[in-house]
Amino acid sequence: MSNRASMIVDKDFTIGQVDDRIYGSFIEHLGRAVYGGIYEPGHPTADGNGFRLDVLEAVRQLNVPIIRYPGGNFVSGYNWEDGVGPREERKRKLELAWWTTETNAIGTNEFADWAKLAGSEVMMAVNLGTRGVDAARNLVEYCNHPSGSYWSDLRVSHGYKEPHAFKTWCLGNEMDGPWQIGAKTAVEYGRLANETAKAMRWVDPGLELVACGSSGSSMNTFAEWEATVLDLCYDNVDFLSLHTYYNNNKGDTPNFLASSLDMDHFIDSVAAICDYIQAKKKSKKKIYLSMDEWNVWKTQGSSRAEQRWQVGPPEFEDVYNLEDALVVGCCLISLLKHADRVKMACLAQLVNVIAPISTENGGPLWLQTTYFPYLHASLYGRGTVLHPMISSPKYDAKDFTDVPYLEAVSVYNEELQEVTVFAVNRHLTEGLDLTVDLRSFGKISVLEHLVLENEDLKAANTKDNPHNVRPHSRGNAIQDNGQIRALLAKASWNVIRLKIS
């Protein structure tokens, strides 16, 4: 049995150009993301700087364009000066966001080195919880000013003659959250963000700045926070952040697989708020969106309350299964469908902590199921997003009505003369007979049809079974008179790559 769905894409009906930074990620000083993740001196694969080369290789494969650092909740209590200079002189600090001990063995310069090895830019965050304008402008001077001033010369004395030239900066993190060190009201934060942005730009006029949206659409502060903050700092910022996480902790898979409809609504709502403030201010400037935390996050609660002040303890090390990967795939499609407005996004996080890459201290690395949709989108989802005209059977779920079984989008890479169709079949028991009309492109051929599937929705990759869920290239897409026909397997992620000739 199979249902039928169709999709029409025309090269002239575009949504927008993909900003490669929507395939960004996030490393926070949390759990084993840094210590035991990217950095583990003494590991068999560690280089001379203590960076795990197996992790670096897995990150390089993803082609991650930008990585947010150092937090997250961590940044709201972080003194950046603690993480620079000779390691033996750095202070061990009680880290209050996650109740651990921060050794400061890794700081700004080391992370800049690691990101360069990974082929990524750094999205730097400043502390607007316990600190403010002064520390932020000094950090910009330390990182970006060539030399000839106190902070830039200090960087040079630390062995970094050339400035890091970080372009993109986050003005704090989740500042409306009561869990945040130094949480603020919208007025308090909006004023501080505005003044901090001014000073940072006076040091380096080329910065791109991200203001904090509320910590999620379920917050009581949501919408009013965004409007108030933007009203106070509109002229001095470029992006507004969005954070969202999903899970199936209630065991309702059809509802869980519809999560990306919530992401669609969230993005549309925040864009509307930005446009309202633009209209109110009679401004010609458009604020873009940075979905700089998103993922499936299954773990509830934390072990940190029982065992405080450890160094790099395991934390939020979710084991992802096939249905989690399908939701990640749907969310990637959602981001692409909003490529005209969402210009940056960060899968949170990259290693060990709710991450697509898992490691064992002193041991192996393995790839979670969620690694593969992220990999495919990053590799093949660059170019122009085309507006998809989709006809699909639908279902109703607990929190959503009219959920299409087919979630799909296509990206046209004019340089390579390729079109990629990303598609998820949400149906749990039946295949989906898909027809894609691409006649506007002329002659096309199928390069490959990648599929991520498994008979068991709960199938996962683990240290002992690292290849349990892997994509294969045995998809059945064929070209038929300017159309593509494919049978999408039940509960599957599909990547259909096409060549224009």
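Residues numbered from 1 in each chain as written. Predicted model: local features only at pLDDT ≥ 70, side-chain atom pairs only at ≥ 80, totals over all residues. Heavy atoms only, no water.

Q: Hey, could you go over the packing of aromatic side chains for me, with residue numbers and the actual values?
A: For the coordinates displayed, the defined rule picks out 18 aromatic pairs. Note on Tyr-412 and Phe-441: the rings are 5.0 Å apart at their centroids and 70° apart in plane angle, and the pair reads as edge-to-face. Of this pair, Tyr-412 sits in strand β19 (residues 406-413) while Phe-441 sits in the loop between β21 (431-437) and β22 (444-452), and the two are 29 residues apart along the sequence. This pair shows no difference in class: Tyr-412 is buried, exactly as Phe-441 is. On the basis of an interplanar angle of 20° and a centroid distance of 5.8 Å, the ring pair of Phe-422 and Trp-493 is categorised as stacked. Of this pair, Phe-422 sits in strand β20 (residues 418-425) while Trp-493 sits in strand β25 (residues 492-500), and the two are 71 residues apart along the sequence. When sorted by exposure, Phe-422 lands in the same class as Trp-493, which is buried. By the ring-pair criterion, three or more aromatic residues cluster together here, those being Trp-80, Tyr-142, Tyr-150 and Trp-151. When the ring centre of Trp-99 is taken as origin, the NZ or CZ atom of Arg-308, which lies over that ring, is 3.9 Å away. (Phe/Tyr/Trp six-rings, centres within 6.5 Å; stacked < 30°, edge-to-face > 60°. Helix = DSSP H or I, 4+ residues; strand = E, 2+ residues; numbered from the N terminus. Buried < 20%, exposed > 50% of the residue type's maximum accessible area, 1.4 Å probe, protein only. Lys NZ or Arg CZ within 6 Å of the ring centre and 35° of its normal.)

Q: Hey, could you go over the nonpolar core for me, with residue numbers and the actual values?
A: Trp-114, Trp-169, Leu-171, Tyr-189, Met-291, Trp-294 and Leu-350 are the most contacted members of the largest nonpolar core, which has 131 residues in total. If near-sequence neighbours (up to four positions away) are discounted, Trp-294 is found in contact with Thr-244, Tyr-245, Met-263, Val-328, Cys-331, Leu-332, Leu-335, Ala-345, Cys-346, Leu-347 and Ala-348. Listed in part, the 23 residues of the second largest apolar core include Ala-5, Met-7, Leu-406 and Ile-500. (Core = buried A, V, L, I, M, F, W, Y, C linked by side-chain atoms within 4.5 Å. Contact = heavy atoms within 4.5 Å.)

Q: For the side chain of Glu-418, give the residues involved together with the corresponding values.
A: Within the secondary structure layout, Glu-418 lies in strand β20. A distance of 3.3 Å separates the side chain of Glu-418 from the side chain of Arg-497, its partner in a polar contact. (Polar contact = N/O pair within 3.5 Å; in protein donor to acceptor, adjacent residues only side chain to side chain.)

Q: Summarise the pairing of strand β4 (residues 66-69); cite the residues concerned and give the values.
A: Side chains Ile-66 and Arg-68 of β4 all project onto a buried face; the interleaved residues Ile-67 and Tyr-69 project onto the opposite face, where all are buried too. Taken together, the 2 bridges between strand β3 (residues 24-26) and β4 define a ladder with parallel strand orientation. When the sheet's bridge partners are listed, Phe-26 is paired in β4 with Arg-68. Crossover connection from β3 via helix α1 (residues 53-62) to parallel β4: handedness right-handed. Pairing analysis gives 4 bridges linking β4 to strand β7 (residues 121-126), with the strands arranged parallel. Pairing of Ile-67 across the sheet is with Val-122, part of β7. (Pairing = 2+ DSSP bridges. Right-handed = clockwise from strand over helix to strand, strands pointing away.)

Q: Provide a residue-level description of helix α8 (residues 259-281), including the pertinent values.
A: Here α8 spans 34 Å end to end across 23 residues, near enough to the 33 Å set by a 1.5 Å rise per residue. Among the residues making up α8, those that are buried are Ser-259, Ser-260, Met-263, Asp-264, Phe-266, Ile-267, Val-270, Ala-271, Ile-273, Cys-274, Ile-277 and Gln-278. Lys-282 lies just past α8 and shows a positive phi near 55°. (Expected span 1.5 Å × (residues − 1).)

Q: How would you summarise helix α9 (residues 322-337) if you had to cite specific residues and measurements?
A: The terminal C-alpha atoms of α9, which comprises 16 residues, lie 23 Å apart, in line with the 22 Å expected from a rise of 1.5 Å per residue. Counting buried positions along α9 yields 15 of 16 residues, so the element is predominantly enclosed. A distance of 3.2 Å separates the backbone nitrogen of Glu-323 from a side-chain oxygen at the start of α9, and that oxygen is part of Asn-321.

Q: Any chance you could break down a nonpolar patch on the surface for me, citing the residues and the numbers?
A: Where nonpolar side chains cluster on the molecular surface, the patch consists of Leu-94, Leu-96 and Trp-309 and spans about 300 Å² of accessible area. Checked against the element boundaries, Trp-309 lands in the loop between β11 (288-296) and α9. (Patch = residues over 30% accessible without salt bridge, like charges linked within 9 Å, V, L, I, M, F, W, Y side chains within 5 Å. Areas by Shrake-Rupley, 256 points an atom, 1.4 Å probe, with all protein chains shown as cover. Salt bridge = Lys/Arg side-chain N within 4 Å of Asp/Glu carboxyl O.)

Q: Break down the sheet that holds β19 for me, citing the residues and quoting the values.
A: Reading across the sheet, the 6 strands line up as β2-β15-β19-β20-β25-β22 and stay open at both edges, with antiparallel pairing between neighbours. Every other strand in the sheet has two partners, leaving β2 (14-17) and β22 as the edge strands with one partner each. The sheet shows a mean angle of 20° between the axes of neighbouring strands, taken without regard to direction. (Axes fitted to C-alpha atoms, helices over the stretch in contact; angles between N-to-C directions.)

Q: Pulling in residues and values, what's your account of the pattern of salt bridges?
A: Under the defined criterion, the tally for this structure stands at 33 salt bridges. For Arg-68, the salt bridge identified is with Glu-293, shortest N-O distance 3.0 Å. You can see Arg-68 sitting in strand β4 and its partner Glu-293 sitting in strand β11, a full 225 residues away along the chain. Lys-463 is the partner of Glu-360 in a salt bridge, and the nearest nitrogen-oxygen pair spans 2.8 Å. Remark: Lys-463 occurs in the loop between β22 and β23 (478-480) and Glu-360 occurs in the loop between β13 (357-359) and β14 (365-367); sequence separation between them is 103 residues. The partly exposed category is assigned to Lys-463, whose relative accessible area is 37%. Taken together, the shared-partner salt bridges in this structure form one network comprising Asp-264, Lys-337, Glu-407 and Arg-426.

Q: How would you summarise the side chain of Ser-358 if you had to cite specific residues and measurements?
A: Relative to the assigned elements, Ser-358 resides in strand β13. Given the relative accessible area of 7%, Ser-358 is considered buried. Ser-358 has contacts with Asn-352, Pro-364, Leu-365, Trp-366 and Gln-368, leaving out every residue within four places of it along the chain.

Q: I'd like to hear about unusual backbone geometry, residue by residue, with values.
A: Glycine aside, the phi torsion of most residues is negative, and most peptide linkages are trans. Cis peptide bonds are those with omega within 30 degrees of zero, and the linkage from Tyr-69 to Pro-70 qualifies with 0°. Secondary-structure assignment places Pro-70 in the loop between β4 and β5 (93-95). In this structure, Gln-349 follows Ala-348 across a cis peptide bond, with omega equal to 0°. With respect to the secondary-structure elements, Gln-349 resides in the loop between β12 (342-348) and β13. The phi dihedral of Trp-309 falls on the positive side, at around 70°, and the residue is not glycine. Positive phi, close to 45°, is recorded for Ala-491, a residue that is not glycine. Position of Ala-491 relative to the elements: it lies in the loop between β24 (483-488) and β25. Since its relative accessible area comes to 5%, Ala-491 is described here as buried.

Q: Got a sec to walk through the pairing of β24? Specific residues and values, please.
A: In terms of strand pairing, β21 meets β24 through 6 bridges, oriented antiparallel. The residue of β24 that forms the bridge with Asp-433 is Leu-487. As defined by bridge partners, β23 adjoins β24 across 3 bridges and the pair is classed as antiparallel. Considered in β24, the bridge of Gln-479 is made with Ile-484. The hairpin formed by β23 and β24 contains 2 residues between the paired strands, and Asn-481 there has a positive phi angle of roughly 55°.

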